[in-house]
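Topology and contacts: notes
Listed here are the chains, written in short residue letters.
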Amino acid sequence: MLFCVLFLDNPGKDHLRQDHMADHLAYLDTLGSTIAGAGPLFEGTSGHGGMWLVQADSAAEAQNLVERDPFWPTGLRQSVSILEWRQVFRDGQRT
């Protein structure tokens, strides 16, 4: 199954992102094709959170990946939502 993992960051914690970014990216590198896509979300020019597309057997498995991320224990994340995603449109066509 494919899950959309949405992260909302705590306001005023931007320094934590920079302090732990190298470890966060190294962690994502270890996940290989489990992460179909990942990147930051912005509100205007300010970082607001992030999103991952995760291939996993369950939402609990996706949550486990989130909790192993070096960002997790820092207090950067205000909230995390894990939603199953079913793609129905791609490259201008229905799938």
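In what follows, the structure referred to is the one given above.
What you see is a predicted model; the values in this text were computed from it and never measured.

Overview of the packing of aromatic side chains
Counting across every chain of the model gives one aromatic pair. Ring geometry for F7 and W52: centres 5.0 Å apart, planes at 65°, overall edge-to-face. On the criterion of sequence distance, the pair formed by F7 in strand β1 (residues 2-9) and W52 in strand β3 (residues 46-55) is long-range, its members being 45 residues apart. Of the residues examined, F7 reaches a relative accessible area of 4% and is grouped as buried. Directly above the aromatic system of F7 lies the positively charged group of R77, at a separation of 4.1 Å from the ring centroid.

Thoughts on the sheet that holds β1
With respect to topology, four strands assemble into an open sheet ordered β2-β3-β1-β4, the strand pairing being antiparallel. Lying at the two open borders of the sheet, with one neighbouring strand each, are β2 (35-43) and β4 (77-85). Looking at each pair of strands side by side, their axes are set apart by 20° on average, direction ignored. As defined by bridge partners, β1 adjoins β3 across seven bridges and the pair is classed as antiparallel. Within β3, the residue paired with C4 across the bridge is L53. Strand contacts of helix α1 (residues 14-30): β1, β2, β3 and β4, with the helix running at about 20° to β3, the strand carrying the most contacts. Across the sheet, helix α2 (residues 59-68) touches β1, β3 and β4, and the angle it forms with β3 is around 130°.

Rules of the game
Residues numbered from 1 in each chain as written. Predicted model: local features only at pLDDT ≥ 70, side-chain atom pairs only at ≥ 80, totals over all residues. Heavy atoms only, no water. Phe/Tyr/Trp six-rings, centres within 6.5 Å; stacked < 30°, edge-to-face > 60°. Helix = DSSP H or I, 4+ residues; strand = E, 2+ residues; numbered from the N terminus. Buried < 20%, exposed > 50% of the residue type's maximum accessible area, 1.4 Å probe, protein only. Lys NZ or Arg CZ within 6 Å of the ring centre and 35° of its normal. Pairing = 2+ DSSP bridges. Axes fitted to C-alpha atoms, helices over the stretch in contact; angles between N-to-C directions. Contact = heavy atoms within 4.5 Å.

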